[in-house]
Every structure is written in C-alpha cells, then in structure tokens.
Amino acid sequence: MSKVKKKVKVIKIDVDKCNGCRACEVICSAFHATPKYSSNNPARSRIRLIREPIKDIYLPVYAGERAGAECMGRDKYVIDGKEYDECSFCRAACNSREIFKEPDSGLPLKCDMCESDPPLSEPMCVQWCLNDALSYEEREEEVEEEEKPGDVEIGLEALAGKYGIQKLMDAVARMSKKE
Ligand code: SF4
Ligand code: SF4
C-alpha cells in the first residue's frame, strides 16, 4: 500500500487559562447554523464547557465520535486536587447525557474543525477564545493510503446523513430479521 501525506489538525486546550466565558460555544453554534450566523445556541455547539465555579473547574470539551452504548464503567479524574465529575472528559454523544446532541433531532454532533471553503486560518472557537485557552496547530504525517469507499459505503453514508445512524441501523436490523 502506498503512503500519502495527511494533514493533522490539533487544538491544544489549556484549562488553566479558561475562565468559562463560553464564547467558544456561542461562535461554534452560530458558525454551524443554517444560514450561517443566523442564530446561536450553545446546545448546538460542538464544543461544550464543563463548568463548576465552586470547584474552579472550567473544562472545554470537543464533541468526538458518538458512543453506540453507555460505558460499563466510569472514570473520575482528580487533577491538581480538583475532582472532576464522571464523564467530564468524554467527547462522545451518548445515551447517558444530553450534551453533543442536536436539541431538535437528537442527532449526534461532532467537531468538524470548522471545515469550510475557503478554509479558515484557524477554527472559530480558537479565534474567539480571547484568553488563549485554545490554540491551533497543523502538521503533516505520512499514512497508508486509505481504500476508496465502494458504492455500498457511499450509499450508506448518504442515508446516514439523511436519516441519522440510529434510524439506519434500526432499518437494517428489521431487514435482516425478515431474511
Ligand atoms: S473547531 Fe469549529 S466545529 Fe470544532 S468546536 Fe471549534 S468552532 Fe466548533
Ligand atoms: S472561549 Fe476560551 S475562555 Fe471562553 S469558555 Fe471557551 S475555552 Fe474557555
């Protein structure tokens, strides 16, 4: 298999610099509104702030892959003497909590690094974080060339985009029972 160059995008989070202003949530939701900037609603943001002022906890977390099922166990972190709630660092949309789900449809949200055409110099949340809690880096890595998706994968991706993964999986499960 041949090697190709891949751009790796990284947002570095310095939790000590975050003051919980939530500007990142506001701009992320506005940038992804349709039409763009027509509304803002932190519940639609792909970055969410875990905020516990009494414990001096301000933790920006980015939405990652959806979890198909709740974890069997939970993690609890204590850092610099601060105890974070279970699941605080988790990036997944999951049945156990409300964050990272589109409020109207319930579909999972995922950070897309503000992919746009023309590309941005930096993701919007990084640009709007005036406390430098978020900083952006890019680097190139050599990776194995991915196999191009076949017709079936392309069709499934389109259906998943239209109806959501869960509905698609339910439909496949019903179809397989009939066979
Ligand atoms: S990088 Fe873009 S999509 Fe991701 S959380 Fe920041 S503003 Fe939202
Ligand atoms: S914009 Fe920066 S300082 Fe404000 S909540 Fe987001 S990460 Fe924290």
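Residues numbered from 1 in each chain as written. Chains lettered and ligands numbered in written order. Predicted model: local features only at pLDDT ≥ 70, side-chain atom pairs only at ≥ 80, totals over all residues. Heavy atoms only, no water.

A tally of regular secondary structure across the protein gives four helices and six strands. Over its C-alpha atoms, taken along the principal directions, the protein stretches across nearly 55 × 40 × 35 Å. For the protein, restricting intrachain contacts to residue pairs at least 6 apart in sequence, the fraction spanning at least 24 positions comes to 62%. Roughly 12,400 Å² of accessible area belongs to the protein as shown, and the carbon and sulfur atoms make up 52% of that amount. Both charge centroids of the protein, one from 29 positive and one from 34 negative side chains, sit 4 Å from each other. (Helix = DSSP H or I, 4+ residues; strand = E, 2+ residues; numbered from the N terminus. Contact = heavy atoms within 4.5 Å. Areas by Shrake-Rupley, 256 points an atom, 1.4 Å probe, with all protein chains shown as cover. Lys, Arg positive; Asp, Glu negative; His and termini not counted. Charge placed at Lys NZ, Arg CZ, Asp CG, Glu CD.)

Quick look at the site of ligand 1 now. In the region of ligand 1, the neighbouring residues are Ile 11, Cys 28, His 32, Arg 46, Ile 47, Tyr 62, Cys 111, Asp 112, Met 113, Cys 114, Pro 123 and Cys 125. Residues that form the shell around ligand 1 fall into these classes: nine nonpolar, one polar and two charged. (Near = heavy atom within 4 Å. Nonpolar A, V, L, I, M, F, W, Y, C, P; charged D, E, K, R; others polar.)

This next bit is on a nonpolar patch on the surface. Among the surface-exposed residues, Val 152, Leu 156, Leu 159 and Tyr 163 lie close enough to one another that they form a single nonpolar patch of about 370 Å² accessible area. On the accessibility criterion, Leu 159 (37% relative accessible area) is partly exposed. (Patch = residues over 30% accessible without salt bridge, like charges linked within 9 Å, V, L, I, M, F, W, Y side chains within 5 Å. Salt bridge = Lys/Arg side-chain N within 4 Å of Asp/Glu carboxyl O. Buried < 20%, exposed > 50% of the residue type's maximum accessible area, 1.4 Å probe, protein only.)

Below, the discussion takes up the pattern of salt bridges. Overall, the coordinates contain 16 salt bridges when judged by the stated rule. Across the salt bridge formed by Asp 56 and Lys 82, the nearest N and O atoms sit 3.5 Å from each other. Placement of Asp 56 in the loop between strand S2 (47-52) and strand S3 (57-62) and of Lys 82 in strand S5 (residues 82-83) is noted, with a sequence separation of 26 residues between them. Linking Glu 83 and Lys 76 is a salt bridge whose minimum nitrogen-to-oxygen distance equals 3.0 Å.

Counted under the stated rule, the structure contains zero disulfides. The structure places no disulfide on Cys 90, whose sulfur is separated from the nearest cysteine sulfur, that of Cys 71, by 5.9 Å. (Disulfide = S-S within 2.5 Å.)

With that settled, the discussion passes to unusual backbone geometry. Between Thr 34 and the following residue, Pro 35, the backbone shows a cis peptide bond with an omega angle of -10°. Note that Pro 35 resides in the loop between helix H1 (23-31) and S2. Put simply, Asp 117 and Pro 118 share a cis peptide bond, and its omega is 0°. With respect to the helices and strands, Pro 118 occurs in the loop between S5 and helix H2 (124-128). We note that Tyr 37 has phi near 65°; this positive angle belongs to a residue other than glycine. The topology assignment puts Tyr 37 in the loop between H1 and S2. Residue Tyr 37 is classed as partly exposed on the basis of its relative accessible area, which comes to 45%. Here Asp 132, not a glycine, exhibits a phi torsion of approximately 60°, which is positive. Take Asp 132: it is sitting in the loop between H2 and strand S6 (134-144). Residue Asp 132 is classed as exposed on the basis of its relative accessible area of 52%.

Counting buried positions over the nine residues of H1 gives eight, a clear majority of the element. Within H1, the full set of buried residues consists of Ala 23, Cys 24, Glu 25, Ile 27, Cys 28, Ser 29, Ala 30 and Phe 31.

Attention now moves to the side chain of Ser 88. One can find Ser 88 in the loop between S5 and H2. The buried category is assigned to Ser 88, whose relative accessible area is 5%. Once you skip the residues sitting within four places of it in the chain, Ser 88 turns out to touch Ile 50, Leu 59 and Val 61.

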